[in-house]
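What follows is each chain in one-letter form.
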Amino acid sequence: MHIVEVKSDKEKRQFLDVVDKIYKNDDAYIRPLDIMIEEVFDPEVNDFFQHGKAVRFLLMDDDNKPIGRVAAFINEKKAYGFQQPTGGMGFFECINDKDAAFMLFDAAKNWLSESGMEAMDGPINFGENDSFWGLLIEGFTPPAFGMQYNPPYYKDFFESYGFENYFEQVTNRLDLQKPFPERFWKIAGWVGRKPGYHFHHFTWQESEKFIQDFIEIYNDAWRFHENFTPMKADTLRKSLNEAKDFMDEELIWFAYYEDTPIGFFVQFPDVNQILKHFHGEMNFINKLRFVYLKWRKVMTRTRVVIMGIRPRWQRNGIESGIFWHLQKAVDKKPWIKEMELSWVGDFNPKMRALHDSVGAEFSKRHITYRYLFDEEKRRQKQRASAIPLDTKE
């Protein structure tokens, strides 16, 4: 076996296609669109290259055929905000061979070390954490759009190599055919009609206003997260445009107090329920199939990508108020049967409590691991710092 750095067009295609070998007999796997992965590594498209760099590697067998892959990257805005400079690794795929996996881990580690890093987190994305983030260790069912899926044997690879649990990510499922807890709706109805508060769903006609409102809420509510980086309008605008073909305006809601944006709830129909038929390709025929399957209402699940309330208005039932208005929109779409609330880290106890309050049930568990290059430091296990339960002050 030997490692090859991905440079040529042939190697880029092999990097994408190696998943066919890994998941040949796995019916739950849904191949992401090839273009989504290629754009992660395209400096012309991914603005993380403005403050970072990335590399890809293939693992070839003795017949020079690909049997694994990995990527490594450095986000300079975050790398130096930890106890030690920390890079990332992701897009890991490998046959069920520990020696092969360790060669791929070594390739990522060595590249990062040569660039001055002293640790690596993985598997993560060279981009926002709503896609390609965390290792699936429980709940091996077909993934929602953007969610990580992998064989169960990867867990042993990571932990045998020396990766340690940095934080745990839980995804819960909300069955929309079951009634919400009565107490929740009482609070929701009260907040939804409270003077001074109003709620509006996203519209493309006013998209620029909603983008600015989102950034104002996000940059206030997320500042308590470890190693926080403010959201940029261009990043959000790009994400919305990429989702335009399948998003539903009435599934994205904002809360306001008078003229001040105070909270948001963003979810998208699970386009993976369509993409599972496309084998990673969005050619002309598949574009036609996409329109047809969308018309057939095959997207019966939504994925909640992000929700947040500004600290000053937390613990006022604003989330309940958003759900109260959202329910009216969902009632008009009887083909939507469930909502996936993904994902919430164990560093965010308030959001986990919200999942419990709406009656959500456990669905999946991912882990984001950290590997410290220095063996002595590795004995001092690191965990992501928790967000304070009370951030109102």
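First, a word on scope: everything that follows refers to the structure included in this document. (Residues numbered from 1 in each chain as written. Predicted model: local features only at pLDDT ≥ 70, side-chain atom pairs only at ≥ 80, totals over all residues. Heavy atoms only, no water.)

## A look at the pairing of strand β5 (residues 119-122)
- Neither face of β5 is open: one carries Ala119 and Asp121, the other Met120 and Gly122, and all of them are buried.
- A crossover connection joins strand β4 (residues 86-94) to the parallel β5 through helix α4 (residues 98-114); in handedness this β-α-β unit is right-handed.
- As defined by bridge partners, β5 adjoins strand β13 (residues 361-372) across four bridges and the pair is classed as antiparallel. Among the inter-strand pairings, Gly122 is bridged to a residue of β13, identified as Tyr369. (Buried < 20%, exposed > 50% of the residue type's maximum accessible area, 1.4 Å probe, protein only. Helix = DSSP H or I, 4+ residues; strand = E, 2+ residues; numbered from the N terminus. Right-handed = clockwise from strand over helix to strand, strands pointing away. Pairing = 2+ DSSP bridges.)

## Things to note about the nonpolar core
- With 56 residues, the main nonpolar core has Phe91, Phe214, Phe254 and Phe264 as its most contacted residues.
- Sort the elements by how many residues they give to this core and helix α7 (residues 207-221) lands first, with seven residues.
- Residues contacting Phe254, with those up to four places away along its chain left out, are His198, Phe199, His200, Phe210, Asp213, Phe214, Ile217, Gly263 and Phe264.
- In terms of nonpolar packing, the next biggest core, distinct from the first, is built from 38 residues, Tyr29, Ala72, Leu112 and Leu135 among them. (Core = buried A, V, L, I, M, F, W, Y, C linked by side-chain atoms within 4.5 Å. Contact = heavy atoms within 4.5 Å.)

## A look at the pairing of strand β7 (residues 164-175)
- β7 sits mainly inside the fold: nine of its twelve residues count as buried.
- As judged from the nine bridges shared by β7 and β13, these two strands associate in the antiparallel manner. Bridge assignment links Arg173 to a residue of β13, and that residue is Glu361.
- Bridging between β7 and strand β12 (residues 338-345) involves six bridges; their strand directions are antiparallel. Paired with Asn172 across the bridge in β12 is Leu341.

## Considerations on a nonpolar patch on the surface
- Taken together, the side chains of Phe284, Ile285 and Leu288 make up a nonpolar region of the molecular surface, amounting to roughly 340 Å² of accessible area.
- Mapped onto the secondary structure, Leu288 falls in helix α10 (residues 284-295).
- A residue is classified by how much of its surface remains accessible, and Leu288, at 48% relative accessible area, is partly exposed. (Patch = residues over 30% accessible without salt bridge, like charges linked within 9 Å, V, L, I, M, F, W, Y side chains within 5 Å. Areas by Shrake-Rupley, 256 points an atom, 1.4 Å probe, with all protein chains shown as cover. Salt bridge = Lys/Arg side-chain N within 4 Å of Asp/Glu carboxyl O.)

## Examining the packing of α7 against helix α8 (residues 233-243)
- Remark: α7 packs on α8, axes separated minimally by 10 Å, with the N-to-C direction vectors making an angle of 125°. Relative to α8, the element α7 lies oblique. Between α7 and α8 lies a crossing of right-handed hand. For the pair formed by α7 and α8, the contact residues are Glu208, Ile211, Gln212, Phe214 and Ile215 on the first element and Ala233, Leu236, Arg237 and Leu240 on the second.
- Residue classes in the contact of α7 with α8 are distributed as six nonpolar, one polar and two charged. (Axes fitted to C-alpha atoms, helices over the stretch in contact; angles between N-to-C directions. Parallel < 35°, antiparallel > 145°, perpendicular 65-115°, else oblique. Left-handed = near helix turned anticlockwise from the far one by under 90°. Nonpolar A, V, L, I, M, F, W, Y, C, P; charged D, E, K, R; others polar.)

## Side note on the side chain of Asp47
- Relative to the elements of secondary structure, Asp47 occurs in the loop between α2 (34-40) and β2 (52-60).
- Here Asp47 sits buried without a salt bridge, and the closest side chain of opposite charge, Lys232, lies 4.3 Å off (N-O distance).
- Those residues in contact with Asp47, other than ones at most four positions away along the chain, are Lys232 and Thr235. (Lys, Arg positive; Asp, Glu negative; His and termini not counted.)

## Structural notes on unusual backbone geometry
- Pro123 follows Gly122 through a cis peptide bond whose omega is -5°.
- As for its position among the elements, Pro123 is in the loop between β5 and β6 (135-138).
- Phi is positive for Asn64, close to 65°, though the residue is something other than glycine.
- Along the chain, the position of Asn64 falls in the loop between β2 and β3 (66-75).
- With a relative accessible area of 45%, Asn64 lands in the partly exposed category.
- Located in the positive-phi region is His279, a residue other than glycine, with phi close to 55°.

## Examining α7
- With 15 residues, α7 should cover 21 Å at 1.5 Å per step; its first-to-last C-alpha distance of 21 Å lies within 8% of that length.
- Where α7 is concerned, the buried positions are Ser207, Phe210, Ile211, Asp213, Phe214, Ile215, Ile217, Tyr218, Asp220 and Ala221.
- Contact partners of the buried residues in α7: β8 (197-201), α8, β9 (253-257), β10 (260-269) and β11 (301-309). (Expected span 1.5 Å × (residues − 1).)

## Focus on the environment of Lys7
- Of note, Lys7 is situated in the loop between β1 (2-5) and α1 (9-22).
- Since its relative accessible area comes to 61%, Lys7 is described here as exposed.

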